[in-house]
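Each chain, written out:
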Amino acid sequence: MAYALVALGFVLALNAAGAVNFAHGDLIVLGGAVAAFVGLSTALPAVLLLPLVAVSIGVVGIVAARIAILPLATRPPEATFVATIALAAIIEQSLTIAMAGAPRTVPALLGGGSFYVAGFVLGRQPLAIVVLGAVLVAAVWFLLERTQTGRRMRAVAADRYMARAVGIPVGRYVVLSLALSGALAGIAGFLLGHQFLVTPTQGAGHMLKAYIAVALGGWGSVPGALLGALGIGVFETFVAAGFGDVWASAALYIAVLAVLALRPQGLFGEPIGRRA
Amino acid sequence: MRLAPFWLVILVLPPLVALFALPPFGQRMVILAGIYGLMGLGYQLVFGQLGALNLAQGALFGLGAYAAALTAPVIGPFALPVAILAAAIPAALVAGPLLRLQSHYFALATLALASLVNLLAVHAENLTGGANGLAGFATALPRGPVLLAIVWTCLIAGVLVYAWLFEGTLGKKAQLLREAPLLAATLGIDGAAWRFVAFVAGGALAGLAGACSAALSGVVSPEATGFSIMVLCLTLVVLGGARHPMGAVIGAALAVGLPELLRDLQGAWLLAYAVATLAVVLWAPEGLAGLLDRLRGARRAPPVAPGLPESVLPVPGAQHLTIDGVSKRFGGVQALANVSLLVDRGEIVGLIGPNGSGKTTLLNVINGLDRADEGAITLDDRRIEHLPAHAVARAGIGRSFQALVLAGDAKAADLARAVATGAAFLLLDEPAAGIGDAERRALQAFLAKLRESGRGVLIVDHDIELLSRTCDRLVCLDRGRVIASGSPAEVRADPRVRASFLGLDGIAA
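Owing to the predicted nature of the structure, the values given are computational and were not obtained by experimental measurement. (Residues numbered from 1 in each chain as written. Chains lettered and ligands numbered in written order. Predicted model: local features only at pLDDT ≥ 70, side-chain atom pairs only at ≥ 80, totals over all residues.)

Visitor: How should the overall build of chain B be read in this particular structure?
Guide: Helix and strand counts for chain B stand at 23 helices and twelve strands. Residue pairs in contact within chain B that sit at least 24 positions apart in sequence constitute 73% of those at least 6 positions apart. (Helix = DSSP H or I, 4+ residues; strand = E, 2+ residues; numbered from the N terminus. Contact = placed C-beta atoms within 7 Å.)

Visitor: Just to check I follow, could you spell out the sheet that holds strand β8 (residues 397–400) of chain B for this structure?
Guide: All names here are of chain B. Spatially, the six strands line up as an open sheet ordered β8-β9-β10-β5-β11-β12, and their pairing is mixed. Two strands close off the open sheet at either side, each with one partner strand: β8 and β12 (481–486). Strand after strand, the sheet turns through a mean of 20° between neighbouring axes, direction not considered. Two strands pair when backbone bridges link them, and strand β11 (residues 473–478) and β12 are joined in this way by five bridges, in the antiparallel orientation. Note on β12: the bridge partner recorded for Asp478 is Arg481. Strand contacts of helix α15 (residues 359–366): β5 (348–352), β8, β9 (425–429), β10 (456–460) and β11, with the helix running at about 145° to β9, the strand carrying the most contacts. (Pairing = 2+ DSSP bridges. Axes fitted to C-alpha atoms, helices over the stretch in contact; angles between N-to-C directions.)

Visitor: Teacher, can you tell me more about the domain arrangement of chain B here?
Guide: By convention, interface size is frequently given as the accessible area that disappears when the constituent parts associate. Residues and elements named next belong to chain B. When its domains are assigned, chain B resolves into domain 1 (5–295) and domain 2 (320–508). The gap between the C-alpha centroids of domain 1 and domain 2 is 46 Å. Per-element accounting of the side of domain 1 that touches domain 2 gives the leading share, four residues, to helix α9 (residues 181–186). In the side of domain 1 that touches domain 2, the residues fall into five nonpolar, three polar and one charged. (Domains from an automatic or database assignment. Nonpolar A, V, L, I, M, F, W, Y, C, P; charged D, E, K, R; others polar.)

Visitor: Help me understand the packing of helix α2 (residues 24–50) of chain B against helix α11 (residues 227–240) of chain B, please; the structure alone is not making it clear to me.
Guide: Two packed helices can be described by the angle between their axes and the distance between those axes. Residue and element names in this part refer to chain B. In the contact formed by α2 and α11, the axes pass within 9 Å of each other and the chain directions differ by 75°. As far as their axial angle goes, α11 and α2 are roughly perpendicular. Facing Tyr36, Met39, Gly40, Tyr43, Gln44, Phe47 and Gly48 of α2, the residues of α11 in contact are Cys233, Leu236, Val237 and Gly240. Tallied by class, residues from the contact of α2 with α11 come to seven nonpolar, four polar and no charged. (Parallel < 35°, antiparallel > 145°, perpendicular 65-115°, else oblique.)

Visitor: Would you mind showing me how to read the interface of chain B and chain A here?
Guide: Contact residues are listed per partner, giving 35 residues for chain B and 37 residues for chain A. Those elements giving two or more residues to the side of chain B that touches chain A turn out to be α5 (103–123), α11 and α13 (268–283) of chain B. In terms of residue class, the side of chain B that touches chain A is made up of 26 nonpolar, eight polar and one charged.

Visitor: Whenever I open this one, the UniProt feature "transmembrane region" (unreviewed entry) in chain B confuses me. Can you help?
Guide: Here, the residues flagged by UniProt with the feature "transmembrane region" (unreviewed entry) are residues 28–46, 78–98, 105–124, 144–165, 196–216 and 268–292 of chain B. The span residues 144–165 of chain B is 100% helix and 0% strand, and its two end C-alpha atoms sit 31 Å from each other. (UniProt positions renumbered as here; feature names shortened; annotations may be inferred.)

Visitor: Just checking my understanding: could you explain unusual backbone geometry for this structure?
Guide: Excluding glycine, a negative phi dihedral is what most residues carry, and trans is how most peptide bonds are arranged. Residue and element names in this part refer to chain B. Positive phi, normally seen in glycine, also occurs at Asp380, with a value near 50°. Tracing the backbone through its elements, the reader meets Asp380 in the loop between β6 (374–379) and β7 (382–383). Judged by the 12 C-beta atoms lying within 10 Å of it, Asp380 falls in the exposed class. Unusually for a residue other than glycine, Glu430 sits at a positive phi of about 50°. With respect to the helices and strands, the residue Glu430 is situated in the loop between β9 and α19 (437–452). Look at Glu430 and you get buried, because 20 C-beta atoms sit within 10 Å. (Buried ≥ 20, exposed ≤ 12 C-beta atoms within 10 Å, placed from the backbone.)

Visitor: For this particular structure, what's the right way to read the UniProt feature "transmembrane region" (unreviewed entry) in chain A?
Guide: All names here are of chain A. UniProt's feature table lists "transmembrane region" (unreviewed entry) at residues 43–69, 81–102, 122–144, 170–191, 211–235 and 242–262, given in the numbering used throughout. The span residues 170–191 shows a helical share of 100% and a strand share of 0%, and its end C-alpha atoms are spaced 32 Å apart. Within the segment residues 242–262, helix and strand shares are 95% and 0% respectively, and the terminal C-alpha atoms sit 26 Å apart.

Visitor: When you look at helix α10 (residues 191–217) of chain B in this model, what are you seeing that I'm missing?
Guide: Because an α-helix packs 3.6 residues into every turn, residues spaced three or four apart end up facing the same way. Between its terminal C-alpha atoms α10(B) stretches 38 Å, which fits the 39 Å expected from 27 residues at 1.5 Å a residue. Within α10(B), 21 of the 27 residues are buried, which leaves the element mostly enclosed by the surrounding structure. (Expected span 1.5 Å × (residues − 1).)

Visitor: Sorry if this is basic, but what is going on with the environment of B:Ala252 here?
Guide: In this structure, B:Ala252 sits in helix α12 (residues 247–261). Those residues in contact with B:Ala252, other than ones at most four positions away along the chain, are B:Ala33, B:Tyr36, B:Gly37, B:Gly40 and B:Leu236.

Visitor: Help me understand the nonpolar core, please; the structure alone is not making it clear to me.
Guide: Here is a general trend for soluble globular proteins: nonpolar side chains tend to be buried in one another's company. Grouped together as the largest cluster of nonpolar side chains are 262 residues, with contacts concentrated most on A:Ala7 and B:Ala68. Ranked by the residues each element gives to this core, the list is headed by helix α8 (residues 170–195) of chain A, at 15 residues. Of the residues that make up this core, three or more belong to each of domain 1 (5–295) and domain 2 (320–508) of chain B. Those residues in contact with A:Ala7, other than ones at most four positions away along the chain, are A:Ala210, A:Ala213, A:Val214, A:Ala225, A:Leu226, A:Gly228 and A:Ala229. (Core = buried A, V, L, I, M, F, W, Y, C linked by C-beta atoms within 7 Å.)

Visitor: For this particular structure, what's the right way to read the sheet that holds β6(B)?
Guide: By definition, the strands of a sheet pair up through backbone hydrogen bonds, in either a parallel or an antiparallel sense. Residues and elements named next belong to chain B. Sheet architecture is open: four strands sit in the order β4-β3-β6-β7, paired in antiparallel fashion. Taken across any chain shown, the strands that pair with only one partner, and hence form the sheet edges, are β4 (333–344) and β7. Taken together, the five bridges between strand β3 (residues 320–330) and β6 define a ladder with antiparallel strand orientation. Paired with Asp324 across the strands is Ala376, a residue of β6.

Visitor: Help me understand the confidence of the model for chain B in this model?
Guide: Detailed conclusions should not be drawn from predicted coordinates in areas where pLDDT is low. All names here are of chain B. Summing up the model confidence of chain B, the mean pLDDT is 82 and the portion of residues at 70 or higher is 92%. Scored below 50 in pLDDT, residues 301–306 shows four contacts in the model against residues more than four places distant or in partner chains. Low pLDDT, under 50, characterises residues 504–509; the predicted model gives this stretch three contacts beyond four residues in sequence or across chains. At the level of chain-chain contacts, confidence expressed as ipTM amounts to 0.79, with global pTM at 0.74. (pLDDT = per-residue confidence, 0-100.)

Visitor: I keep staring at the pairing of β6(B) and nothing clicks. Help me out?
Guide: Strand residues, when the strand is regular, have side chains that alternate between the two faces of the sheet. All names here are of chain B. With two bridges connecting them, β6 and β7 associate as antiparallel partners. Within β7, the residue paired with Leu379 across the bridge is Arg382. Where β6 folds back on β7, the antiparallel hairpin that results is connected by two residues, among which Asp380 adopts a positive phi of roughly 50°.

Right under this line is the structure:
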């Protein structure tokens, strides 16, 4: 479910920017790191810590939009790729310096321990992740599908020239999308940071998973990205259970390459075709 | 552009100074810069010239390093050419399916491939030594000054060849492929072959660089295949200048020199490096080498926008273009239904019909941008309906586009470009859309010249008056079918044409 948040944030940024945000993985790591640092130094309860992390990474998302995405809107997508890769490196190196390389862990959302439901052992943290993930996904869905703001965000994503032509301030909505994307990344980092340690170099891995989820689920499709993320999670869990983590990753990459070799346009094609 | 003397000096100076004046430590740094330069130069071919974000260059570098480390104890210095092959052959194998992918899928696929190589390096411990890597092979490889000479000789040769190659038409073709791949295909440029050569050559350079780095450091660990090498490669190329012949060298020199300059800041040099890269992307997209060129005043003259050619020379080639029973469906839409028509040399045929009647689709099918479902297209006796666009262009069919495709490019230049391919037959898509009266008269005169020079022209436009004045025949399409064909007067008088194309009259009446 945490993958779903990762992929959801990624696809929002993707649609708004019209290009892959390679810094997304590092925003997640940054979320984990902020959570770990503030959590340890202030002993704030996790329920308050979470929104704090979401807001601060949201702000980083805004900064990212301002410096690496909006100024490059008229250039080919590769320029944005490179700018966000540079941004990713900046975040990663800053974190390496700040954390002095020592992995950190984030406090649990609902405290540790586990409890029994109908004979199954349920960890509190996984349960919290699933519930929170579901709530956030539903909230984003509501925002995009049921509010004027969301409609405008989708309009900007679908066709920014047309959106500008009908009077939508495109830049503002791109920034808004990136802020939302950043907030989701921060929350995902918070959640993942308790299960796994936070280390500065994880960003590329997170980013790759989100990238794969989006590519498999249909480029730019929000439900597709969620399905793709869940699919990856299930796939990895099963292969890892049977053959170990290494084979799970290898199988995932091979599966992606196979899909791209057989269907160069992605598993479900692209909503927008080539413009001749 | 040919390499200016200024750059030549900068290129040759480091190895000479290193050989004769620097202590071994300084030599190591110059070798390392050369290695990064080689990797970056290879990367420029794919990323700079073709604009494809290849994220597997680091993995190819790693393949070269491992290949050298594994084979050096057995075959000694011959491990270097083996390493080149070890990177180039896998690159050639994956190039086919990879290069069909569009930008973001290409980036993803190369990233997945690189991740696989990295997994292999870490976990195939019998072969690669796992996380500890391989060591103890370096005595069999060139070292010290010899290595320096090898690396920089290859680099200097590479930069000179690169500068020479991309100076003239080749550079223009690469630009066209990068910025307007459809247009490139209609001018007879085989993009697939291009991308293949660039990708494999880039991989070979990465392999060589990897092998040399193995020789320099004496160890190869999974880090050699990792994402950080890839990011370094990408950033140094962007920083130096993605297309400038000296871009990789300048970037590499910074990548090696900066950590020394900023040694007091410890790990912060990578941070500074990333910040600098971002700044370059934002404010100096041509890179530092391009920036230096600008400061030196060596700016190239701005290109002169060409107008319509004054004269049009006759060209050899096929005499008849025949479209026979061509059909094309897009999903549930019958875009073309059993369309047949003939264009001879020295003849101008106008294609008319309401929006969505299949005019542009017909042009696309003829010149190979779309493939017909049924029917035959022939130039004299040669079937061309199965050929890709670049091959159709070489067979003698030129194409101009609607203004939409050209994004800021002048229509006249586009027409001139189509004519300049030397094609016997020209497909012109709305050449008169959105132009003024004077230009319209010039276009009419130009079409007459095309006829005199013996070219066959198939022209789509909404300006019926212009077509009636210039065309020998008109063909009217409606919902993918030919509903009328003949002299302009006949076709305009045809009741079916009036009903469909000029149908607004009927409704108004």
